[in-house]
Amino acid sequence: MSGPGTSGPGTSGLDAALIGTLYRAACLAELDALKPGNVHAYAPGHRMVLADFVTSADVSAPALARAGTGLGMRIRDGVAATMAAVGQNTNLGILLLCAPLAVAAERGLTVASALETLNATDADAVFAAIRLANPGGLGQAQHHDVAQAAPAALHDAMAEAANRDRIARAYVTDFADVPAIGLAALAEARAGGLDPTWCTTAIHLAFLQAVPDSHVARKHGAAAAERIRRETESLRAGIDLAARPVDALLAFDASLKARAINPGTSADFTVATLFWDALAAAGARLV
């Protein structure tokens, strides 16, 4: 007999319904936190409102957690459902990061092992998802451009983009940034007594401070992304999250939005960190 949260006899994977619930919860938890530069419960931004992201979480969860489906189909169908519901790309990066975690959790695999199962069908579906979402600042690539046919191995396309896109890089590093940056920041925040919402803020700031945000780099250039990283580093050195420094963070939030800077990759990794943590707490062995 399978235990609580498992997918069935003889497996160590989590139930698909539980995975969907945890994914949606991670998306909503990220929205509740004050994350400078992004859309969140404290302030809208970039011509998007909170309700768009809540709807996106609701409609993409069934595809993301659909039992027995491949990674690429989960991403493609999640994007399609989102575009149909809100008419804009709100969660491509989230789905790209969370789908491997969902597959790994359902199948009782590590993330690295789940990534090894990717095939040409996954590559076709992921390329279709990217074309459908049409993310800002994508540009053109010399090899494996998404406007062209997908390669036989999704890993090859991700490796081609890894030096300019942190999400693509995750696919060739077995998602190393999530434990090294996100989960480390979460553990530190919890040890410091922060409540869940401020733990989420801590995760977001950790990604913003640790590496230049690749969404900012695509839209504004590498120098701008590095400048935002340094600004975050300076801000973080001068605040205590345990004191709930809303005013300081909202001032930074307003400054970023006035410059049309949206550190979306850091927000996507924040969701992935929360999802990873929840899956692990439910019994998934992702590493």
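I will try to describe carefully the structure that is included in this document. Quantities reported herein were computed from a predicted structural model and do not represent experimental measurements. Throughout this description, residue numbers start from 1 for each chain and increase along the sequence as written. Local features in a predicted model are, by the rule used here, given only for residues with pLDDT of at least 70; side-chain atom pairs are given and counted only at 80 or more, and totals for whole chains, interfaces and linings are based on all residues. Hydrogens and water molecules were not included; the side-chain quantities draw on all heavy atoms of the structure.

1. Some remarks on the side chain of Thr-273
As a reminder, the rule being used: Secondary structure follows DSSP: runs of H or I at least 4 residues long count as helices, runs of E at least 2 residues long count as strands, and numbering of each begins at the N terminus. Partly exposed describes any residue whose relative accessible area lies between the buried limit of under 20% and the exposed limit of over 50%, with all areas from a 1.4 Å probe on protein chains only and scaled to the type maximum.
Here Thr-273 lies in helix H14 (residues 264-281). Judged by relative accessible area, which is 0%, Thr-273 ranks as buried.

2. With respect to the packing of helix H2 (residues 50-64) against helix H3 (residues 71-86)
Test applied: A fitted line through C-alpha atoms serves as each axis, taken over the contacting stretch for helices, and the angle formed by two N-to-C directions is quoted from 0 to 180°. Each helix crossing is assigned a hand: it is left-handed if the near helix lies turned anticlockwise from the far helix by less than a right angle, otherwise right-handed if that turn is clockwise. The contact criterion used throughout is that any non-hydrogen atoms of two residues lie within 4.5 Å. Residue polarity is assigned by list, with Asp, Glu, Lys and Arg as charged and Ala, Val, Leu, Ile, Met, Phe, Trp, Tyr, Cys and Pro as nonpolar; anything else, Gly included, falls into the polar class.
As a packed pair, H2 and H3 sit with axes 8 Å apart at the nearest point and diverge in direction by 145°. By crossing handedness, the relation of H2 to H3 is classed as right-handed. When H2 is examined against H3, the residues Asp-52, Thr-55, Ser-56, Val-59, Ser-60, Ala-63 and Leu-64 are found in contact with a partner set consisting of Arg-74, Asp-77, Gly-78, Ala-81, Thr-82, Ala-85 and Val-86. Per-class residue counts for the contact of H2 with H3 are 6 nonpolar, 5 polar and 3 charged.

3. Describing the packing of aromatic side chains
Centre-to-centre distance and the angle between the planes together describe a pair of aromatic rings. Applied cut-off: The criterion for an aromatic pair is that two Phe, Tyr or Trp rings (for Trp, the six-membered ring) have centres within 6.5 Å, with stacked assigned to planes under 30 degrees apart, edge-to-face to planes over 60 apart and tilted to the rest.
Scanning all chains against the criterion turns up 3 aromatic pairs. Judged by centre distance (5.9 Å) and plane angle (75°), the ring pair of Tyr-23 and Phe-275 falls under edge-to-face. Of the two residues, Tyr-23 sits in helix H1 (residues 16-32) while Phe-275 sits in helix H14, which places them 252 residues apart along the sequence. For Tyr-23, a relative accessible area of 0% corresponds to the buried category. With a relative accessible area of 0%, Phe-275 lands in the buried category.

4. Some remarks on the nonpolar core
Applicable threshold: Note on terminology: a nonpolar core comprises buried Ala, Val, Leu, Ile, Met, Phe, Trp, Tyr and Cys residues joined through side-chain atoms within 4.5 Å.
By size, the foremost hydrophobic cluster in this structure holds 80 residues, and its most contacted members are Ile-75, Tyr-171, Phe-175, Phe-275 and Leu-279. Among the elements that line this core, the one with the most residues is helix H4 (residues 92-107), at 12 residues. If we ignore the near neighbours within four places in the chain, the residues touching Phe-175 are Leu-96, Leu-97, Pro-100, Leu-101, Val-111, Leu-115, Ala-170 and Trp-276.

5. Re the side chain of His-215
Put simply, the rule is: We define a polar contact as two N or O atoms separated by no more than 3.5 Å, with the added condition that, inside protein, one atom must be a possible hydrogen donor and the other a possible acceptor, whereas residues neighbouring each other in sequence contribute only through side-chain atom pairs.
Its location among the elements puts His-215 in helix H11 (residues 214-220). His-215 sits in the buried class, given a relative accessible area of 16%. Within polar-contact distance, the side chain of His-215 engages the backbone oxygen of Asn-262 at 2.8 Å.

6. Thoughts on the packing of helix H10 (residues 196-210) against H14
Any two packed helices are characterised by how steeply their axes cross, that is the angle between the axes, and by the distance between the axes. Rules: Relative orientations are named as follows: roughly parallel for angles under 35 degrees, roughly antiparallel for angles over 145 degrees, roughly perpendicular for angles from 65 to 115 degrees, and oblique for any other angle.
Interaxial distance between H10 and H14 falls to 9 Å at its minimum, and their mutual angle equals 130°. Looking at the two axes, H10 sits oblique to H14. Helix-helix and strand crossings are classified by hand; for H10 and H14 the assignment is right-handed. Where H10 approaches H14, its residues Thr-200, Ile-203, His-204, Phe-207 and Leu-208 are matched on the opposing element by Ser-266, Ala-267, Phe-269, Thr-270, Thr-273 and Leu-274.

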